[in-house]
Structure formats: C-alpha cells, structure tokens
Amino acid sequence: MRTEFIKADAFRGAGTWSLRNLQETPPYSLAASEWAASGNDYYFSLLNAAEKKLYLNLKKQADLYMTGMDNFLLTEAVRDGQTVKAYVLPLISYEGLSTEQMKKVFCCFLFENPQYYFIRNSVIYSENTNMMTAGLYEMFADGTVRAEYTAQFAEQLKIWDGQIAEMETAAEKERLIHDIVCGHADYNSSAVVDDPQDPEMSQSCISAVLFSRTTVCAGYAQLFTLLCSRAGISCVTVTSDTHAWNKVRMGSVWYNVDCTWNDSRGDDTFFNVTDEQLKAADTEKQEHTPSAEWENRVPSCTVLFDTEMANGPDLDANVLAPAGVPVIADASSTEKGALAVSFSQVEECDGYSVQYAVNGAMLSAAKADTENLSCLIAGLKSGKTYYVRVRAYELDRNGEKLYGAYSGKVKAVIL
C-alpha cells in the first residue's frame, strides 16, 4: 500500500492564502470539531514538535473541508511525464523538516484520521519551496455534494456507535467492531489498487461504508481504526508494500487484527494475534512486514491474547502533560524594558510557557510561549520588579496545550 509522492518544481492553482487565513484571528480550533475527535493519536504522540505542526495543519485543512462547504482547490502536477489536474488541500509548508520527515508525517496523519474520507493516499510536494499538499477525491470536490455524503457517512457511524456502546467490555466492543467491518463490506477483487486516481476510492474507508460497500485492505483497516477510535479503543492502521491491517491496544497489550484476511476466509483466524502468528501466514510478498515509513513507530505485538488482560486497565493516554519541571537558570534585565529568561530542558515536551507578573501571587500574569530554552520579554515597565516562572507543555491531537507543573518563581528588577 504505497503512498504516491509526486515531486513538482512549483504549484499552480493551489494557493497558500487559505493556510494563512486559517492561522489568523480567529484561529480554527480542532477541539470544537466532533470529527477531529474521531481519529487516534498514537502516531501523533511519537512526533517531535516540528512534525506535529505539519500534522496539525493537515488536520485543520481536512477538518475545514469536513465541516464546511468550500469547493476543493485544483492544481496541476506532472505524473509519468504528463501534466494532470488534481484536487488538493491548500498548500502547507514543511519548512524545517526533511522531505522524508514530511512523508512520514503525512502517512501518520492519513492512516490515523480515516474520518477524512475524501483524502487520497497521495502527496504533491516541492523541495524548492518546501510546500506540500494532499490529493483529494474529485467526487467530493463540490462542497454541497460533499456535505450530503458527509451526512450519510455520519448517520451510518452513529448507528454503529450506538450498537458498540451497548457492549459492556472492551473485548466485546472490539469483537463487534470486527464483525461490523467484515459483515458490512466485501472485498473488491477487481479494484486496481495501484491506480493513482483510485476511482473506486478503495484506499478510503468510504468505499467500505457507502456506495457498493466493496473495498480492499486499506478500506477494511481504515474503517476498523475509525470505529475503534470512536469507541475509545487505541488502534492504528499499518501498511506494508502490498497490504494494510491493524494493531489494536486492548488493556495495556497490543494485538494484530486483519479484517481483510478474516473476511476472505470467513473466520477470525487473524483476530488479536501476535506479530509472529501473523507473519507465519505470509507469502513471499511478506504482507505483514511494515514498510519503511513505520520504522520505530508501530507497536510490537508479542503477547498471546488473554480476555482478562484485554479487559484490564488501559495504558495512560497517548499524549500526556510533561512530567518534568524546568528550572530557571537566569532571569535578568540587560536592556531597558526587557527581561531575559533562560531555563533547563524538559524531555519529551513541545515547548514552554513563561509567565510573568508584577506580584508574587502572579495575579493578572501575562505569558510568552517559546520552543527554545530562553526568551526575551519586552515592553515591561522600567524600575518595576517582575516575578517569572516557567512550565513545559505538550500538544495534543487537536493542537491544545497540556501543561506540566510550574518552576519556582524568580524575580528581577527591569532596567
């Protein structure tokens, strides 16, 4: 299941103005969207701060199309020596990341957010400008038409959500999700999975939900991920060069689930199995050997399934507030009306929030956020004593900040 990456010198038609508007006031909040919560965040939690920014910008653009009625943007790209038109997300910068990082981030985003059913498994990018965009299915280009399909999609998901919620245990929920996916969709043996246009939308879960309800492995896996995520079960889609399947966390243990192979066999042979059990059934194509973009990302499945463990307490959330607390190394005024603050690093955080006030109780305090280990706060009152403290934060899958504990306060007189 290889993602199609098309390298272009430049873009025509897909302007960056939409991203600029998105980042201006008022900002677009993913936290206010029910669709944004339908995905998972396991892969997201493994990204660094710069990679998370790209992921979140992709998610914001996709969510705008999911909740709004704007028509898709149209651009041109060269494929196999020929210029073709393609519907795409607005251009997004990946400046600060390598091209390989950009590709990995896209795969993490795509296979962790199957709710955005109109996104194709393709990317157009320019190394000259460090801009990229994701391909979209032409069928949903018209905003009014897309809104109608989104409503149908949401209605079916709501029905399944209700059925799944009636199950008492996590294992029962997962079993029902597996049976829903295998029972609702049939394998599309005539689909041309390497067709870059993918007219049957076989790489999207929409092919397994609406229309003829026929799909290939990607559609099975994406629908399983979507239903598990909406039910509060951690689940990811994994791909090899020729196949797609799932890894699901039950309790604190990860297992493999392959709905495609189970539906083809008419049983549950590959339901909650280990990596070793799954690979033992592979052919020379090595269907269950994750492709390169998943290196150091996919969880290992080494424990045989146990119902009691599956219904046991889950691991903590994938994204947590930083446990570490920064220590202020220096807070001094070296220029008029400004305060320079430096502090120690906190492992596994995305940035820091520096809070400052003219009183030790930190009443009416202001703040300055930074991704560096120092910051310069300007515009302060000369001769005044300011108190300052710092805390680290981690971004969640909606771009909201989860804060750790504050450092001790330090005071300084401003020049």
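All figures in this text were calculated on a predicted structure; none of them were measured in a lab.

(A) Main features of the packing of aromatic side chains. Applying the stated rule across the entire model yields 22 aromatic pairs. Sitting over the face of the ring of F5, K103 holds its NZ or CZ atom 5.0 Å from the ring centroid. Lying over the aromatic face of Y406, R389 brings its terminal NZ or CZ to 3.8 Å of the ring centre.

(B) Here's a closer look at the sheet that holds strand β17 (residues 374–377). Across the sheet, 3 strands lie side by side as β13-β14-β17; this open sheet has antiparallel pairing. Edge positions in the sheet fall to β13 (328–332) and β17, since each has one partner strand and no second. Sheet twist, expressed as the average angle between the axes of neighbouring strands with direction ignored, equals 10°. Inspection of the sheet shows strand β14 (residues 339–343) paired to β17 by 4 bridges, in the antiparallel sense. The residue bridging A340 from the neighbouring strand is L376, located in β17.

(C) Just the pattern of salt bridges, in detail. With the rule as written, the count across this model stands at 12 salt bridges. The shortest N-O distance in the salt bridge between K52 and D350 comes to 2.8 Å. Of this pair, K52 sits in helix α3 (residues 49–67) while D350 is found in the loop between β14 and β15 (351–357), placing the two residues 298 residues apart along the sequence. Like D350, K52 is buried. Its salt-bridge partner being K401, residue D369 comes within 2.5 Å of it at the nearest N-O pair. Here K401 lies in strand β19 (residues 401–403) and D369 lies in strand β16 (residues 366–370), a separation of 32 residues in the sequence. Here the residues in one salt-bridge network are K52, D350 and E394, joined through shared partners.

(D) Spatial organisation of unusual backbone geometry. Non-glycine residue N130 carries a positive phi angle of around 55°. Here N130 shows up in the loop between β5 (119–126) and β6 (131–136). We note that E348 has phi near 55°; this positive angle belongs to a residue other than glycine. With respect to the element layout, E348 can be found in the loop between β14 and β15. What makes E348 exposed here is its relative accessible area of 72%.

(E) Here's a closer look at the sheet that holds strand β9 (residues 235–239). If you walk across this open sheet you meet the 4 strands as β9-β10-β11-β12, and the pairing is antiparallel. If you trace the sheet from one side to the other, it starts and ends with β9 and β12 (271–273), each paired once. Between one strand axis and the next, the sheet turns by 35° as a mean value, whatever way the strands run. Note: strand β11 (residues 253–257) against β12, 2 bridges, orientation antiparallel. Residue pairing across strands places N256 opposite V273, the latter belonging to β12. Lying on the sheet, helix α8 (residues 217–230) is in contact with β9, β10 (244–250) and β11; it crosses β10 at an angle near 20°.

(F) Looking closely at the nonpolar core. With 92 residues, the main nonpolar core has F118, I119, M132 and F153 as its most contacted residues. With 8 residues, helix α4 (residues 99–112) is the single largest residue contributor to this core. The next biggest cluster of nonpolar side chains, apart from the first, holds 19 residues, and it includes V346, V354, C375 and A412.

(G) How the structure looks around the side chain of R391. Note that R391 resides in strand β18 (residues 385–395). Despite its burial, R391 pairs with no opposite charge, the nearest such side chain being D369 at 7.2 Å. Separated by 3.2 Å, the side chains of R391 and Y406 make a polar contact. Non-local contacts of R391, meaning those with residues more than four positions away in its chain, are made with P326, G351, Y352, S353, Y403, G404, A405 and Y406.

Definitions and limits used
Residues numbered from 1 in each chain as written. Predicted model: local features only at pLDDT ≥ 70, side-chain atom pairs only at ≥ 80, totals over all residues. Heavy atoms only, no water. Phe/Tyr/Trp six-rings, centres within 6.5 Å; stacked < 30°, edge-to-face > 60°. Lys NZ or Arg CZ within 6 Å of the ring centre and 35° of its normal. Pairing = 2+ DSSP bridges. Helix = DSSP H or I, 4+ residues; strand = E, 2+ residues; numbered from the N terminus. Axes fitted to C-alpha atoms, helices over the stretch in contact; angles between N-to-C directions. Salt bridge = Lys/Arg side-chain N within 4 Å of Asp/Glu carboxyl O. Buried < 20%, exposed > 50% of the residue type's maximum accessible area, 1.4 Å probe, protein only. Contact = heavy atoms within 4.5 Å. Core = buried A, V, L, I, M, F, W, Y, C linked by side-chain atoms within 4.5 Å. Lys, Arg positive; Asp, Glu negative; His and termini not counted. Polar contact = N/O pair within 3.5 Å; in protein donor to acceptor, adjacent residues only side chain to side chain.

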